[in-house]
Structure formats: structure tokens, C-alpha cells
2 protein chains.
Amino acid sequence: MEFNINLSHIEAAHNRIRAYIHRTPVMTSASLDKMAGCSLYFKCENFQKIGAFKARGGLNAVMTLPESQKAKGVVTHSSGNHAQAVALAAKLAGIPAYIVMPRTAPKIKQKGVNALNANITLCEPTLEAREQGAEEIMRKTGATFISPYNNHAVIAGQATCAKELLEDYPELDQIVTPVGGGGLLAGTLLSANYLKPIIEVFAGEPEGAMDTYLSFKSGVHQKVANPKTIADGLLASMGDINFAIIKPLLKDVFLVNDDEIVAAMRLIWERMKIVIEPSCAVPFAALLKNKTVFSGKKVGIILTGGNVDLNHLPF
Amino acid sequence: MEFNINLSHIEAAHNRIRAYIHRTPVMTSASLDKMAGCSLYFKCENFQKIGAFKARGGLNAVMTLPESQKAKGVVTHSSGNHAQAVALAAKLAGIPAYIVMPRTAPKIKQKGVNALNANITLCEPTLEAREQGAEEIMRKTGATFISPYNNHAVIAGQATCAKELLEDYPELDQIVTPVGGGGLLAGTLLSANYLKPIIEVFAGEPEGAMDTYLSFKSGVHQKVANPKTIADGLLASMGDINFAIIKPLLKDVFLVNDDEIVAAMRLIWERMKIVIEPSCAVPFAALLKNKTVFSGKKVGIILTGGNVDLNHLPF
């Protein structure tokens, strides 16, 4: 099958961003293996720069802009990790970053973006207000919009995560990632497809934002209105670029509810002694709910991020 | 200077326990380095078996018992990580472990000991009741008492932690550990003394349990009555075996209060995305309070454990 992003794009992305990201460790846990009935390999992107895998895609997208375009800066709207990723990439490139954030975004995430010297514009917490805010900035400054997921360079950047995982553990049978907009999932599917096509890639998705589930099962790209889940990084609806990759390559997608997400998050905190955010617990929750699919296998799980407000923990 | 524990004891301990412990990773953090004004190397014993360095000393102490003595089992009184360490060591040796725990010990720690098949005896939460409980068990069963810190084999076991750190980072200038009973501190001092005597070793201690501070500053071994601190792993008073090592080798000890401990703990959770317990944050709190001592240096910090009750976090 032919995709717009091929292995050489992913390799180029990796070479481009390598010096600015961490090669994150892969952790294992005997007690979680026992509980899950398989061998788990957790790729710890919670230890990544800015605390999430989003640094990979943001960096690659900004670094591949033509110089003339780059100079005018970059803009995005995000309440979360993508905002920090774009701000970091712009700071490293020495160009302005304009971030439109809902005024309800957690203070800790505003602080993170602020610390990277980005220009923050607060707006009403609706998609419309966010898009309007970004468009106004683009008109005024000529800055380039960087989508969090519906962008080839972003997807190639996120693909470097599964590439590292497969370089470190080529023996994996399966990989599970969460899915929101589909940047990480699409990138993971492509890396697996090029590096070890026999691997089965699964997605975990919150019930309250089940657009990928509906789209994948029906074969028709769909969105859900008013998504709602504790996994605040997975509220976005999948992009069309993402769906074109996910549809033919994904093995299956599993839904989990908020209670299952919080229980999986707590298990990882307690047993692995690492801080992960709710979105990040979704693949492990999906695995625990569907043990027979993974029984006895070597399963890679991408732990996507660790940016959580310690004043508002779900336990 | 001559000590009862020499380098060959520490090497033998390491060879003895190596197969049963994790060689824990050393983590770094650019943002914490910037904040501290030095280069920090965090030895992550929160990722150790049973979630704390105590596994090292407990295993070495149980494994060095003569066979005839071992068969009758081991006993200790502890509300915390040492109980799990002894239970783990006994389980691996296939011998009974008897643990006297105050009935007020956190349910999560009782659960941890239970999961290791140890026999738990609950008692009133006083040192007297704990000692009495342990003595009664020794009388009935002939089991051997394993002190959490005032024991040569325990100290040699804990010394393997700094040994690994210095093997991985021989360029360190300084090491900081917390001090409670003094097992880890004494072991660290001995490893540093044998492997790189020029290194300065410091201790961090809670103000509410400042017996090491009083003893070290006066040169006379002292205890404090009714110690009280959020660092529940550091309530014990230093042992005499420990003081004999600490007195000549320690560079200095710094006091921190509970607010400083919680602030340092939170920084490590937020910036490093790892779960550590309050006792574990004491050295970093001490360093932040005494930055000039560490300015520009390469500083090893032993992160001792990650067993924290997520239902009762201090933030």
C-alpha cells in the first residue's frame, strides 16, 4: 500500500529532531505483566521533552518549514501538550510562536507555554473561538498554522516514537497507543508497517470521544459532537490525513470508560512509580479489558505523557 | 581508617543480591539542574523491587544467615519498606517471615507485606509494643531479628546502591542521601570511602527527627524523643553501628522542614514525572536550601523510594 509518508520521511524526521528530544527509556513491570497475562514494554514518553511525545511532531513540523515562511512564526490552538511542543520548536528555531488557548486551560499548562516564551492569546473555550483566534493571528502576522495531528510532518515526527521502540525491541508482537486526533496512532501504524509489518497495532479510545471507533468500524470518517472524557488529551476528532492511514492499517480499536482509565492510571502510578496523565492510561486500560487478544504476547505500550495537575488528581 | 565492613563485604553483598534486585536507572533533568545550579544525577531506587532501596539490605541480611538459623525464619518490626524487604527476602529464601506492624500502618503497606506471604502481627503504635511483639515471636519460633539499619549485613547491602551509582558516574563530586536510622547513609559513606574517597557525602534530615544532626554536630550519639515529620521513613533514630561510620566520614548534615520536603517532592513529581515518597525528597530539599555548597558540582542524589498512599498525598 502507498502512503504519502514513507520510511525515508520518518528516518529524515528522526535525524532532524534527534538532538532536541530524549530517546526515552522502555520500562517493564513484573507485577503488571502478571496482572495482564502478557509481557509489557512501556515506551515512556512522559519523560520526553515538555513531558509528552508531542515534542516529536511539533519539532519536525516547525523544522521542515521553508525559511521564508518560518521567519513569520507559527501559530496553533491547543489547551495542552501540542501548544508546548510548538512553543518549544519555535524557541529552538528562534521564531515567534502564537498559541491560542481556551481561558479555562489548566494554569499549569499556561505556565508551561509561558516558560517557553510563546505569545498566548486566551479565548472562549469553544473550537470556533479557538479557530477564529488562530485565523486572526495568521492574517495579522503571516504565521503558519501547525495542526496538532492533521499534518504530514507532525505524523512523521510522531512515527519516530514507535521507530525507537521497534529498534530497541524488534521482538514485539503488538503495539497499543491511545487515539485522539490520530497523529501518534497514524505515525505508529506507518513505522510498524515499514519496519515490521507483521506487528498488530491497536488503539485505545475513551467511550466519551469514540469517533475513531465509529469511523473505523463503519469505514466512514465520522466526528462526535461534544466529546467528554477525563482523558483531556484525546478530545479531538481524527483528521482526514490520519484516517487515510488508520483505516487500512489498524488491527482494532477498543473503547474504555473513565473509571477504567483512572484505574489503569492508578495501577501504573502505584506499580511503576511514574507520573502519567489520564490520556496516557487509555491503552493499558484497553489491554486489561481485552486480555485474551494480548495473552502471552510481547506488547509495546506507548505512554504518551505525564502532564497532570497534581492539585486535581482523579484519586 | 578501619571499619568492620570493608570493600570486599560490599562486593560480596552485591554479587549475592544482584540477581534479585534491579540495577536502577540514573535520571537527569535539565530544568532541575537549572533550578539547583549544579548537575544532578538521581539514582532511582523508587524503581527498585518493593519500591525502595531497602530490598538491598534486607536481601543481604537474610541471605547471609547460617542455614540452621535461616530455617527458623526472620522477624522484624516495621511500618514500612523494611518490612516488605524482609518479607521479599524470606519469600525468596523459602523461609517464614514474621512482621510486627503498628495497627495504624497504612493499608497499602500492610497489603504489600501480605502479598509477599509474610505473617503479620498487628500491635499498638509504640516502639515498646513493636519490640515486645518481635521478642515474643523470637521466643516462640527461634526466628532471627533483622534490624532495619543497625546491622552490618544490612549496611553492606545498602552500600551497593552508591557502588552502582559510582560505577555508572565515576565523575561525581558529591552524593546526598536522606538519613533516618542511618543504614543507607552509612553504606553510601563506605562505598564512597572505598571507591572515590575524595567525594563529599552529605545527609538531609527532617527537622522533626534531627538526631543525626545533633549527634554529628556534638560528636555524641543522641536520640530525639517523639520524632514527627511527614517523611515517615526517617522517624527512626540512628543506630550505634551506623554512627561509628557516619561520625568520621560524613561531610555535613542539613535540616529541612516539612514544607520544604513537600515542595521538593512536588518538583520531582512535576519535572521528572516520577512518583517518590516524602522521605525520598529530603536530600533534594536539603540541596535546594544550601545551593552554594553544591554550586557547579556533579551531585548524585539517591531517590530512596516511591511507596506513597495516593489517597493521602500532601498536595
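Residues numbered from 1 in each chain as written. Chains lettered and ligands numbered in written order. Predicted model: local features only at pLDDT ≥ 70, side-chain atom pairs only at ≥ 80, totals over all residues.

Q: Explain the interface of chain B and chain A residue by residue, including any values.
A: Across the contact, 14 residues belong to chain B and 14 residues belong to chain A. A per-class count over the side of chain B that touches chain A returns 7 nonpolar, 4 polar and 3 charged. (Contact = placed C-beta atoms within 7 Å. Nonpolar A, V, L, I, M, F, W, Y, C, P; charged D, E, K, R; others polar.)

Q: Before we move on, could you go through the domain arrangement of chain A and cite the residues and values that matter?
A: All names here are of chain A. Domain annotation for chain A reports domain 1 (7-52 + 151-312) and domain 2 (55-145). Residue-level contacts link 24 residues of domain 1 with 18 residues of domain 2. Counting residues per element, the ones that place at least two in the side of domain 1 that touches domain 2 are α1 (7-17) and α8 (152-168). Among the residues forming the side of domain 1 that touches domain 2, the class breakdown is 11 nonpolar, 9 polar and 4 charged. (Domains from an automatic or database assignment. Helix = DSSP H or I, 4+ residues; strand = E, 2+ residues; numbered from the N terminus.)

Q: Tell me about the sheet that holds strand β7 (residues 174-178) of chain A, and please be specific about residues and values.
A: Residues and elements named next belong to chain A. An order of β1-β2-β10-β7-β8-β9 is seen for the 6 strands of this open sheet, with the pairing classed as mixed. Pairing within the sheet leaves two strands with one partner each, and these edge strands are β1 (26-27) and β9 (252-256). Of the strand pairs in this sheet, strand β2 (residues 39-44) and strand β10 (residues 298-303) are connected by 6 bridges, and their pairing is parallel. Each residue of the ladder has a partner; that of Ser39, found in β10, is Lys298. Across the sheet, helix α13 (residues 278-289) is in contact with β7, β8 (200-206), β9 and β10; its angle to β7 comes to roughly 130°. (Pairing = 2+ DSSP bridges. Axes fitted to C-alpha atoms, helices over the stretch in contact; angles between N-to-C directions.)

Q: Now, about the sheet that holds strand β5 (residues 119-123) of chain A: what can you tell me, with residues and values included?
A: The strands making up a sheet associate through backbone hydrogen bonding, with each pair oriented either parallel or antiparallel. Residue and element names in this part refer to chain A. Read across the sheet, 4 strands follow the order β5-β4-β3-β6 without closing on themselves; strand pairing throughout is parallel. Each edge of the open sheet carries a strand with a single partner, namely β5 and β6 (144-145). Pairing of strand β3 (residues 74-77) with β6, which is carried by 2 bridges, proceeds in the parallel orientation. Among the inter-strand pairings, Val75 is bridged to a residue of β6, identified as Phe145. The strands that helix α7 (residues 127-141) touches are β3, β4 (97-102), β5 and β6; relative to β3, the one it contacts most, it runs at about 170°.

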